Amino acid sequence: LPPPQPNMSSQGYLHRIGFTRKRERLINPMDRTSPLPPSSVQKQQGMSESLPLPFLPDELVVEILSRLPVKSLLQFRCVCKSWMSLISDPYFMKKHLHLSSRCTHFTHHRIILSATTAEFHLKSCSLSSLFNNPSSTVCDDLNYPVKNKFRHDGIVGSCNGLLCFAIKGDCVLLWNPSIRVSKKSPPLGNNWRPGCFTAFGLGYDHVNEDYKVVAVFCDPSEYFIECKVKVYGMATNSWRKIQDFPHGFLPFQNSGKFVSGTLNWAANHSIGPSSFWVIVSLDLHKETYREVLPPDYEKEDCSTPGLGVLQGCLCMNYDYKKTHFVVWMMKDYGARESWVKLVSIPYVPNPENFSYSGPYYISENGEVLLMFEFDLILYNPRDNSFKYPKIESGKGWFDAEVYVETLVSPMKH
C-alpha cells in the first residue's frame, strides 16, 4: 500500500479534516477516580497561573498517535472529539498502516493459530513475544465471527491487517481481529461436485485502492482441466468472472501468495503424460496472468516446492533429500536472477510423515519461525540451534498466518 500523499503537509491534512484542539485538560477514559477536593483544586489553579499549560502541536500529535498500537488507539478515540475524528480518518489509517507494516522490530506483527482440537479454536500472539520470550508465550483467544464450534475454515491469507478465511469453499470471510470488524462475502455459486476444489487468494489492488479475493474453481476431469476464476471486490461486495486460469495449469497450493500487486500459486502443468510445476501469477489490477520462473535448484533430489512470503518477497521452499528444508527468496519480484538461497534448515529428528511448514517470519538477526508437526519452532542459522516456543494453553496447531495490527476495516477503506 503506498504511503499517504507526500505532497500534503501534516498541517494541510489537519486543516482538511478540521482537526482542532482547545487548550483543555484531556481526560483519561479509564480514570474512574472521584473529583479532587476543593483545596487541591485551588492549589492546582494557583500553579496554572504561574506555569503555562503543556501543549503539543497538532502535527506532533498525529506523528505520535500514528506510531501507537491499535489497542491504544481504540481507547484514545474516547479522549476527545478531535482525536475521534483524527483516528477514524482514512488518511490517518493509511499513515498508521504504512508505519506499522514497515516496522523492523515486529512490534505490530502477530501470528494467528488454528487449533487441531475437534472444536474450531483460534489464538493470537505477538511475534515479539515468540522471538524474545519463547519459553513462556502468552496468547489471546480470538472470538471468530462465524458461530459454529465444529467448523474448520481454512486461513487463505492476510493483507494489511485483514485476514481471509474460506468458508466451505463457497464464500469467504474478511476479518480484522485487531478492531473486531468482519464481513462475509456472497456465495460463489459454483456447481460443485466430487473432485472439485477452490483455491483462494487475498491481495490489494493499489490502483483502484480495493482489496480483492480471487477464487479459482477447479473441475478436473479425465480429459481436461477447467479452472474458472472469479474476483470479489471489497468495495462492491460482489463476485464477477474474469479470464480463466491458464489452460492446462492446476493450482496445488490452496492459498495464493500476495507480492507486489500480484497473487501467486504453485501449479502443475500437464503436457501429455508428463507434468511439471510452475508459478502462475495474477496481476490484481490488470487481471492478467504470467508465469514466474523459479530458481535453478536441485529438481531431482527434492519434493514439489511450495510458495510463501517473507519480508514482502516471494519465497519458494521444498524438502531436500528428506534431510533439509530449503528456502529461496526472490529479492526483485519477477527477475529470475534475483532468486537467492535464504536458508537450509536441517530436520531434527529426520522426518517420516511430517515436513516443515512455513516459514512464517524471519527476524532481523536471521531467526526463522516455522512449524513442524503441530508445534512452532524457531531456527537460528548462526549456531544451527532450535527453540521450541511454549504457548500458554496451546494444544497443537494445523494452520497459521502472520498479520499486522492495523485500523483497516473490511466494511470501508
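Residues numbered from 1 in each chain as written. Predicted model: local features only at pLDDT ≥ 70, side-chain atom pairs only at ≥ 80, totals over all residues. Heavy atoms only, no water.

With respect to the helices and strands, Glu337 occurs in the loop between strand E19 (324-330) and strand E20 (339-346). Residue Glu337 is classed as exposed on the basis of its relative accessible area of 69%. Taking the C-alpha atoms as reference points, Glu337 and Asp296, separated by 41 residues in sequence, lie 9.5 Å from one another. (Helix = DSSP H or I, 4+ residues; strand = E, 2+ residues; numbered from the N terminus. Buried < 20%, exposed > 50% of the residue type's maximum accessible area, 1.4 Å probe, protein only.)

Turning next to the environment of Val172. Along the polypeptide, Val172 turns up in strand E6 (residues 171-176). Through-space distance from the C-alpha of Val172 to that of Lys184 is 6.0 Å; in sequence the pair is 12 residues apart. When residues no more than four places from it in sequence are discounted, the contact partners of Val172 are Cys164, Phe165, Ala166, Ile167, Lys183, Lys184, Ser185, Phe200, Val213 and Trp239. (Contact = heavy atoms within 4.5 Å.)

Attention now moves to the sheet that holds E20. Sheet architecture is open: four strands sit in the order E17-E18-E19-E20, paired in antiparallel fashion. Pairing within the sheet leaves two strands with one partner each, and these edge strands are strand E17 (306-310) and E20. For this sheet the average axis-to-axis angle between neighbouring strands, irrespective of direction, equals 30°. Here E19 runs beside E20; their pairing, made up of seven bridges, is antiparallel. Considered in E20, the bridge of Met329 is made with Val340. (Pairing = 2+ DSSP bridges. Axes fitted to C-alpha atoms, helices over the stretch in contact; angles between N-to-C directions.)

The next point concerns the pattern of salt bridges. In total, this model carries 13 salt bridges according to the counting rule given. Between Lys123 and Asp141 there is a salt bridge, with its nearest N and O atoms 2.8 Å apart. With Lys123 in strand E2 (residues 122-126) and Asp141 in strand E3 (residues 140-142), this residue pair connects regions lying 18 residues apart in the sequence. Judged by relative accessible area, which is 5%, Lys123 ranks as buried. The closest approach of N and O atoms between Asp319 and Lys322, which form a salt bridge, is 4.0 Å. Beyond isolated ion pairs, a larger network of salt bridges with shared partners links Asp205, Lys212, Arg240 and Glu287. (Salt bridge = Lys/Arg side-chain N within 4 Å of Asp/Glu carboxyl O.)

In this structure the tally under the stated criterion is 15 aromatic pairs. Centroid distance Phe245 to Trp265: 5.9 Å. Interplanar angle 85°. Geometry classified as edge-to-face. One end of the pair, Phe245, is in the loop between strand E11 (238-242) and strand E12 (249-251); the other, Trp265, is in strand E14 (residues 262-271), with 20 residues separating them in the sequence. The pair Phe245 / Trp265 is uniform in exposure class, with both members buried. Here the aromatic rings of Tyr347 and Tyr356 are separated by 4.3 Å at their centres, their planes lie at 10°, and the arrangement is stacked. For the pair formed by Tyr347 and Tyr356, the shared burial category is buried. Within the aromatic cluster, the residues linked to one another by ring pairs are Phe325, Tyr347, Tyr356 and Phe372. Lying across the ring of Tyr297, Lys299 places its NZ or CZ 4.8 Å from the centre. (Phe/Tyr/Trp six-rings, centres within 6.5 Å; stacked < 30°, edge-to-face > 60°. Lys NZ or Arg CZ within 6 Å of the ring centre and 35° of its normal.)

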